Amino acid sequence: MLSEQQVRALVLERQFIHSPWNEGLPALVAHLGALQLDAIQRITRAHHHQLYNRLPRYREPDLAEAEQRREIFEYWSHAAAYMSMEHYPYARVRMDRIRSGQRHWYEKNAKLCRYVLDRVGAEGPLRASDFVRTKSGWWEWSDEKKALEQLFHEGELMVSHRVGFQKVFDLPGRVLPANTPISAATELEYGCHLVRTFLGCQGIGRPEEVAYLRREDKPLIQRAIENMLATGELTSHGKELMLTEQLEQSPARPARKVRLLSPFDPLILQRKRLSRLFEFDYQLECYVPAAKRRYGYFCLPILYGDRFVGLVDLKADRDAGALRIETLHWLEKPGVSLEASFHRALGQFARFHGLESAAALTA
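Fair warning: this is a prediction, and the values are worked out from it, not measured in the lab.

Digging into the sheet that holds strand β3 (residues 80-84)
A sheet is described by the order of its strands in space; here three strands give the open sequence β1-β3-β2, paired in antiparallel fashion. In this open sheet, the two strands that pair with only one neighbour each are β1 (35-36) and β2 (72-76). Pairing of β1 with β3 involves two bridges; the strand directions are antiparallel. The partner of L35 across the bridge, within β3, is Y82. Taken strand by strand, helix α5 (residues 88-99) contacts β2 and β3, and its axis lies near 25° from that of β2.

Section: the packing of aromatic side chains
Evaluation of the coordinates by the stated rule reveals 12 aromatic pairs. For the pair Y52 and F349, a centre-to-centre distance of 5.4 Å together with 50° between the ring planes defines the contact as tilted. On the criterion of sequence distance, the pair formed by Y52 in helix α3 (residues 46-52) and F349 in helix α12 (residues 336-352) is long-range, its members being 297 residues apart. Using a relative accessible area of 15% as the deciding quantity, one classes Y52 as buried.

Comments concerning the side chain of R273
Residue position: R273 is located in helix α11 (residues 271-278). Here the side chain of R273 touches Q202 through a polar contact of 3.2 Å, landing on its backbone oxygen. Among the polar contacts listed, one links the side chain of R273 to the side chain of E209, at a separation of 2.8 Å. Excluding its chain neighbours within four sequence positions, the residues that come into contact with R273 are V11, F198, Q202, I204, G205 and E209.

Concerning the side chain of R42
By the element assignment, R42 lies in the loop between β1 and α3. Setting aside residues no more than four positions away along its own chain, R42 makes contact with Y297, F298, D313, L314, K315, A316 and E326.

Observations regarding the pairing of strand β10 (residues 307-317)
Counting buried positions along β10 yields eight of 11 residues, so the element is predominantly enclosed. Direction of pairing for strand β9 (residues 299-304) relative to β10: antiparallel, over a ladder of six bridges. Looking at β10, one finds that L303 is bridged to F308. Counting the residues in the hairpin turn of β9 and β10 gives two residues, including G305, whose phi is positive at 65°. What sits between β10 and strand β11 (residues 322-330) in their antiparallel hairpin is a turn of four residues, with G321 showing a positive phi close to 70°.

Rules behind the numbers
All residue numbers here refer to positions counted from 1 along the written sequence of the relevant chain. Thresholds applied to this predicted model are a pLDDT of at least 70 for local features of residues and 80 or more for the giving and counting of side-chain atom pairs; totals over whole chains, interfaces and linings are not thresholded and use all residues. Note: side-chain values were computed over all heavy atoms of the structure, leaving out hydrogens and water. Strand pairing is assigned whenever DSSP identifies at least 2 bridges connecting the two strands. Per the convention used, a helix needs a DSSP run of H or I reaching at least four residues, while a strand needs a run of E reaching at least two, with both numbered from the N terminus. Here, residues are in contact when the closest pair of their heavy atoms is within 4.5 Å. Axis lines are fitted through C-alpha atoms, for helices just across the contact stretch, and the angle between N-to-C directions can take any value from 0 to 180 degrees. For Phe, Tyr and Trp, rings pair up if their centres lie within 6.5 Å, where Trp contributes its six-membered ring, and each pair is then called stacked (planes under 30 degrees apart), edge-to-face (over 60) or tilted (otherwise). For every residue, the accessible area obtained with a 1.4 Å probe (protein chains only) is divided by the maximum for its type, and the residue is called buried under 20%, exposed over 50%, and partly exposed between those limits. Two N or O atoms form a polar contact when they lie within 3.5 Å of each other; inside protein one atom must be a possible hydrogen donor and the other a possible acceptor, and for residues adjacent in sequence the pair counts only when both atoms belong to side chains.

That is the geometry; function is a separate question.
Given below as C-alpha cells:
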C-alpha cells in the first residue's frame, strides 16, 4: 500500500498541478474528464483559473478558440462543464435518458420546445434573449429559456459558443464535426469511462468519489468497477482503487512551490476527499452569510508542495489595475521560502489577469 506521502505525490502528479501539461488544451480537458464552468468572476472564471494552473502560456481566448475549432463542447458532467469532443458518445448517455423522460429541473413543455427548436433550425444560432421573455425575477428563467435548456440537456440543441456568459444554441448537425460518432456509449462503456477518467486524473480513489454528484450513475459505476477488477485493469488497496498501469509508476516528490487554486479546481472539488488525503478542511464562503465567514468571500487555497498552508481572499480591482488581497490566513507560520514562493505566485497570477501588481493587504 502506498504511504500517505506517496498518495499525495501521485494525486498531484496526475493533476498536473506542479508539473505543467504539455499536450495542449483539448487533451487536458480529455484527461480531466470535464472542465467545470462557473459564473462567479471575483477574479476570473473558474474554468480559466484551472487551465492557468496547468497549461504553460495559457490565455483566456484559448478556450473559446478550442470550442470554435470543435475540439471541446459544453454539456453537463457532474456540473456544467466543457468536455472533449471525443467524449461526446458518453455525454449521449445522459442526453438519451433526459429525452426518454428522466426529469432534469422542470416539466417539459413539448409545444414550446418544438417552437424553439423550429426557430433555431430556421434562423440559425440563437440566445435566450432572442426570444420573447416572460416577466420573471432574477432567479427565474423565462419559459423560452427553460425550453432551450431542456433541449440542450436532451441533446436536441448544443451550445455553439457563448457571448459574454450567455449560451448561443444551435442544432447538433451544425456544431458537431462530421466524423463525430453520434450513437451513445453502452452503459458498461460509460461506467468504465467514468472510472477510468477519474482514476486517470486523480491517481487513487474510492467508488463513492467516482460517483460524486452522479446519483443516477452509481449502479453502473459499481458494475464497471467489478468488471475492471475482474479483467485486471483496476487494483484495489483496501477501500482505494487504482488503475493497475499506475502501480509501476513512481511519482516524483512535488516541487516546493506555491499554487493558488480555484475553489472549483478538480483537486479540491470533493471536500471530504480533500480532508482525507491532505488533511485540509475547506469551504467556499461566498454562499455563507458575511457575519459567519471565517476566511473571506472567495478564498483560494494556497498549496505549497504537497501541503495546503493557507487561504487568500483575492479580488481583481480593474480600476486600480491591481489584484487586491482582501484577507490572508496562514495555517502554519510561513518561512522565508514559503513567503517568497507565495509572492512570486501572486505576481504571476496578477500578470495573467493583466494587472500590474498584487496590492498589499487591505484594511
